[in-house]
Amino acid sequence: MNDKHIREERAEQLARAAEQLFAAGVMSHSGHANLSARLDGERLLLTPGFVRGLRPEQLATVGFDGEVLDGELQSVSAEIIAMHSAVYRARPGVGAVIHTHSPSATAFAVAHRPLPCRTEPMLRFGQAEDIPVVPWGPRGSDVSVRGIAEVLERRPTTAAVLLANHGLLVFGPDAAATAHLVVAIEESAEAEIAAAAIGGAVDFPPGAREAARAAIARVAS
Ligand SMILES: [Zn+2]
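As the structure is a prediction and not an experimental result, all values here were calculated from the model.

### Brief notes about the nonpolar core
Counting residues in hydrophobic clusters, the biggest one holds 63 residues, and the most contacted among them are Leu14, Leu162, Val170 and Ile185. With 7 residues, the single largest contributor to this core is helix 7 (residues 175-196). Ignoring sequence-local partners within four residues, the contact set of isoleucine 185 consists of Ala105, Leu115, Met122, Gln127, Ile131, Ala160, Leu168 and Val170.

### So, the pairing of strand 8 (residues 167-172)
Sheet faces and side chains relate simply in a regular strand, where the side chains alternate between the two faces. Burial runs high along strand 8: 6 of the 6 residues are buried. In the sheet, strand 5 (residues 96-100) pairs with strand 8 via 5 bridges, with the strands oriented antiparallel. Of the residues in strand 8, the one forming a bridge with histidine 99 is leucine 169. Relative to strand 8, strand 7 (residues 160-163) is paired through 4 bridges, and the arrangement is antiparallel.

### A short note on the sheet that holds strand 6 (residues 133-134)
One open sheet holds the 8 strands; their spatial order is 4-3-2-1-5-8-7-6, and the pairing between them is mixed. Two strands in the sheet have a free side with no partner beyond their single neighbour: strand 4 (68-70) and strand 6. Strand direction decides the pairing type here: strand 3 (residues 60-63) and strand 4, joined by 2 bridges, are antiparallel. Bridge pairing in strand 4 places valine 62 opposite valine 68. Packing against the sheet, helix 4 (residues 103-110) makes contact with strand 6, strand 7 and strand 8, and its axis sits at approximately 115 degrees to strand 8. The strands that helix 7 touches are strand 1 (33-39), strand 5, strand 7 and strand 8; relative to strand 8, the one it contacts most, it runs at about 140 degrees.

### Some words on the packing of helix 3 (residues 81-90) against helix 6 (residues 142-154)
Orientation of helix 3 relative to helix 6, taken along the N-to-C sense of each, is 25 degrees, at an axis distance of 9 Å. Judged by the angle between their axes, helix 3 and helix 6 are roughly parallel. You can see that helix 3 and helix 6 cross each other, and the crossing is right-handed. Contact residues: helix 3 offers Ala82, Met83, Ala86, Val87 and Ala90, while helix 6 offers Ser144, Val145, Ile148, Ala149, Leu152 and Glu153. Each residue belonging to the contact of helix 3 with helix 6 can be placed in one class, and the counts come to 9 nonpolar, 1 polar and 1 charged.

### Here we look at the UniProt feature "domain: Class II aldolase/adducin N-terminal" (unreviewed entry) in the protein
In this structure's numbering, the residues bearing the UniProt feature "domain: Class II aldolase/adducin N-terminal" (unreviewed entry) are residues 12-193. The distance from the first to the last C-alpha atom of residues 12-193 is 34 Å, and the span holds 39% helix and 19% strand.

Each value, and the rule that gives it
Residues numbered from 1 in each chain as written. Predicted model: local features only at pLDDT ≥ 70, side-chain atom pairs only at ≥ 80, totals over all residues. Core = buried A, V, L, I, M, F, W, Y, C linked by C-beta atoms within 7 Å. Buried ≥ 20, exposed ≤ 12 C-beta atoms within 10 Å, placed from the backbone. Helix = DSSP H or I, 4+ residues; strand = E, 2+ residues; numbered from the N terminus. Contact = placed C-beta atoms within 7 Å. Pairing = 2+ DSSP bridges. Axes fitted to C-alpha atoms, helices over the stretch in contact; angles between N-to-C directions. Parallel < 35°, antiparallel > 145°, perpendicular 65-115°, else oblique. Left-handed = near helix turned anticlockwise from the far one by under 90°. Nonpolar A, V, L, I, M, F, W, Y, C, P; charged D, E, K, R; others polar. UniProt positions renumbered as here; feature names shortened; annotations may be inferred.

Printed below as a string of structure tokens:
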């Protein structure tokens with residue numbers, strides 16, 4: 001497959017993933033999100049500053065350092081390139097990154113509470129551990145980006161982080177798998193909050209998360 005075809009295919013996957021997020025009801029009232037996919041040569045495809053009704057040809061190609069190589073980006077999107085690049089740099093196997101303000105996951109981010117892994121979908125879609133919270137820093141700032149890089153280094157197998165007082169950042173092998181994980185995480189956050197009213201969520205039996213993590217590692221290797 002040549003470069004142009006790869007770009008077109010990944011752009012279509014991103015547009016479909018954006019649609020899936022709306023269809024699944026995991027977007028916040030504002031509809032705010034940004035999605036990206038890795039291209040070769042330290043480049044990525046990035047949503048232009050909106051995701052509702054996104055068409056594949058509206059995605060921009062940008063360098064990891066922020067240079068816009070093709071297409072147009074609204075200034076709000078230019079600010080978040082570093083947030084996406086930090087994930088691609090830290091995780092060579094990651095092919096797509098999605099940031100949302102999914103309401104229940106964001107409740108955990110606002111409360112500075114890691115989201116425990118206590119539901120089957122979270123295990124199945126690749127997050128077999130608690131989702132850590134990255135300390136707050138202004139959107140796209142050095143402080144925020146450094147915080148993400150530090151947490152990814154400390155937690156080498158997490159596929160998501162909560163951004164304190166902000167939202168959710170999820171990553172995976174491709175756009176579809178990453179969107180599925182966003183949905184699983186939002187469902188888990190909803191279930192945790194609902195379970196709190198009836199005595200609180202309970203952990204998996206000992207060994208269950210470790211077994212799932214081992215299975216994920218086998219698939220990934
Ligand atoms: Zn945001």
